[in-house]
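# Analysis of the macromolecular model
Okay, here's what each chain looks like letter by letter:
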Amino acid sequence: MDFLRLSDRIIDNSAKMGKQQQQQDPAVSERRKLPVDFGTIYSKDLLPAAGGEEMTRTFLQELVNVLLNYVCKSNQRSSKVLDFHHPHQLKEGLEGFCLDLPEHPETLEQILVDCRDTLKYGVNTGHPRFFNQLSSGLDVIGVAGEWLTSTANTNMFTYEVSPVFILMEEVLLRKMQSIVGWSDDEGDGIFCPGGTISNLYSILVARYHFYPEVKTRGMGALPQLALLTSEHSHYSVKKSAAVLGLGSENVVVVRCDERGKMIPAELESSIAAAKKKGMVPFYVNVTAGTTVYGAFDPVHAIADICHRHALWMHVDAAWGGGLLMSDRHRMKLQGIQRACSVTWNPHKMMGVPLQCSAILVKKKGLLQECNELGAKYLFQTDKPYDVSYDTGDKSIQCGRHVDVFKLWLMWKAKGTEGFGSQVNKCLENAEYLYDQLQKRTDFELVFKHKPEHSNVCFWYIPPSLRGLPPGPDRDTRLHQVAPQIKGRMMEKGSVLIGYQPLGPKVNFFRSGI
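Below, the structure is looked at part by part.

## Digging into unusual backbone geometry
Cis geometry marks the peptide bond from Leu-47 to Pro-48, where omega comes out at 15°. You can see Pro-48 is positioned in the loop between α2 (26–33) and α3 (53–74). With omega at -10°, the peptide bond leading from Leu-354 into Gln-355 counts as cis. Within the element layout of this structure, Gln-355 appears in the loop between β7 (341–344) and β8 (357–361). Residues other than glycine seldom take positive phi values, yet Ala-310 does so here, at roughly 55°. Summarising the element assignment, Ala-310 is placed in the loop between α12 (299–309) and β6 (312–317).

## Considerations on the packing of aromatic side chains
Two aromatic rings are characterised by how far apart their centres lie and by the angle between their planes. The tally for this structure, following the rule as stated, stands at 14 aromatic pairs. Here the aromatic rings of Phe-282 and Tyr-283 are separated by 6.0 Å at their centres, their planes lie at 40°, and the arrangement is tilted. For Phe-282, a relative accessible area of 2% corresponds to the buried category. Overall, Tyr-283 belongs to the buried group, its relative accessible area being 0%. In textbook terms, an aromatic cluster arises when at least three aromatic residues are bridged by ring pairs, as seen for Tyr-293, Phe-447, Trp-459 and Phe-508.

## Remarks on the environment of Thr-381
On the secondary structure map, Thr-381 appears in the loop between α13 (366–371) and α14 (405–438). Here Thr-381 falls in the exposed class, since its relative accessible area comes to 72%.

## With respect to the sheet that holds strand β11 (residues 496–502)
Reading across the sheet, the five strands line up as β1-β11-β12-β10-β9 and stay open at both edges, with mixed pairing between neighbours. If you trace the sheet from one side to the other, it starts and ends with β1 (130–131) and β9 (443–445), each paired once. Where β11 lies against strand β12 (residues 505–512), four bridges are found, and the strand directions are antiparallel. Along β12, the bridge assignment pairs Tyr-499 with Phe-509. Each of β9, β10 (455–460) and β12 touches α14; the most contacted strand, β10, lies at about 25° to it. Sheet contacts for helix α16 (residues 481–492): β10, β11 and β12; angle to β11, the most-contacted strand, approximately 165°.

The rules behind these values
Residues numbered from 1 in each chain as written. Predicted model: local features only at pLDDT ≥ 70, side-chain atom pairs only at ≥ 80, totals over all residues. Heavy atoms only, no water. Helix = DSSP H or I, 4+ residues; strand = E, 2+ residues; numbered from the N terminus. Phe/Tyr/Trp six-rings, centres within 6.5 Å; stacked < 30°, edge-to-face > 60°. Buried < 20%, exposed > 50% of the residue type's maximum accessible area, 1.4 Å probe, protein only. Pairing = 2+ DSSP bridges. Contact = heavy atoms within 4.5 Å. Axes fitted to C-alpha atoms, helices over the stretch in contact; angles between N-to-C directions.

Okay, structure coming up:
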């Protein structure tokens with residue numbers, strides 16, 4: 001298919017250039033200068049072993065060279081997005097790469113080989129032709145932040161073990177709350193392991209806000225609660241309802257228009273229908289940037305409905321939150337300041353390395369009240385500092401990874417305006433792709449509207465289907481096109497792009513730029 005041949009030509013035409021770049025790569029040259037034979041050295045020879053400082057430096061420098069070589073190669077269009085192998089091939093072992101765990105220690109030479117092979121057989125998510133997920137790219141400052149975070153190797157539960165990171169989290173949360181539009185005297189939050197957990201927090205605190213007795217007496221003391229969310233919303237809402245004991249069947253799915261936006265009138269009627277069934281609606285999830293279409297629910301109209309019915313309004317801006325950084329595009333989230341809580345994933349549109357997600361809660365103190373248990377071996381009240389900075393009891397976790405430093409460091413490096421420019425560029429690229437696809441006879445857009453976000457949804461129409469009229473036969477055959485093309489592109493390593501069906505629409509490609 002010509003769609004495949006195009007990606008092959010991109011690789012073939014630039015392969016020679018890529019080899020020249022690799023030969024000139026300073027990381028490769030530096031690695032070749034290292035004379036150390038790691039084949040006789042083991043981890044026991046590194047720090048904290050006596051006299052292990054120099055060997056530790058040499059080993060880590062070699063590892064840095066491996067990583068630098070990978071980072072530099074990530075931006076070479078001549079390289080593959082992935083070197084695909086089936087699960088059974090990787091499990092059986094390839095060219096010395098073995099997943100089995102040994103009984104006896106292996107040499108540092110083998111450890112370095114394992115590091116190189118792990119990168120070789122993984123997916124290069126920083127590659128220019130990786131469009132598979134909404135989180136992609138490889139920001140060098142963000143990588144530096146992640147390296148430092150791992151080196152510090154601390155926990156985010158108390159100020160005494162994480163003083164600088166705790167304060168960085170406070171600064172970041174206040175900045176993000178200000179950008180959302182909340183006043184200085186309101187707003188709380190915490191960084192979480194992904195948008196699903198952030199959304200779970202929103203339901204958890206909303207339930208506690210209306211029914212604080214649930215913390216001690218459980219769901220048996222509560223009426224049959226109902227949550228409402230759009231049919232295009234993220235599956236994490238239903239998953240959270242299941243996890244929290246609310247039940248996925250008590251999630252009321254609200255119809256959307258053809259563009260994927262929740263219809264406010266349908267929300268109103270869904271609330272009335274739920275009440276008629278004896279359910280008690282308490283929470284509405286508004287999506288700002290749906291996963292597939294990149295659609296934005298009408299926040300103001302939904303906020304009016306939530307206000308009339310005294311419902312908690314959460315805005316899931318995991319994908320769309322980054323647009324708040326752009327003066328040009330933030331109007332797509334008008335009304336977000338009226339939210340009771342917001343999910344925002346900087347690891348998506350803002351390009352922060354995985355993972356980096358925040359739950360913002362408008363009412364101060366609610367996270368603490370909802371989750372605190374006051375473990376005396378961690379959260380003593382007689383410490384020699386302001387214990388309000390022991391923020392760990394706001395979390396449902398005990399151990400919590402430091403996800404804030406890489407974002408803080410990137411913000412320092414880019415500034416707010418740098419993030420805004422980055423967002424603008426992504427959306428310009430999406431609009432360019434949309435305009436180009438409109439002109440092509442071999443592609444068909446899933447919907448005719450210009451993209452609101454960087455999502456561009458389309459079908460590739462092979463020659464055999466271009467003359468067929470719309471109908472079941474064409475749909476059945478078109479449904480098979482995207483998975484076949486993707487399978488071949490994965491095997492070649494040329495492009496990685498997502499596809500899915502949605503409602504009555506058969507499999508189509510979704511490019512998250």
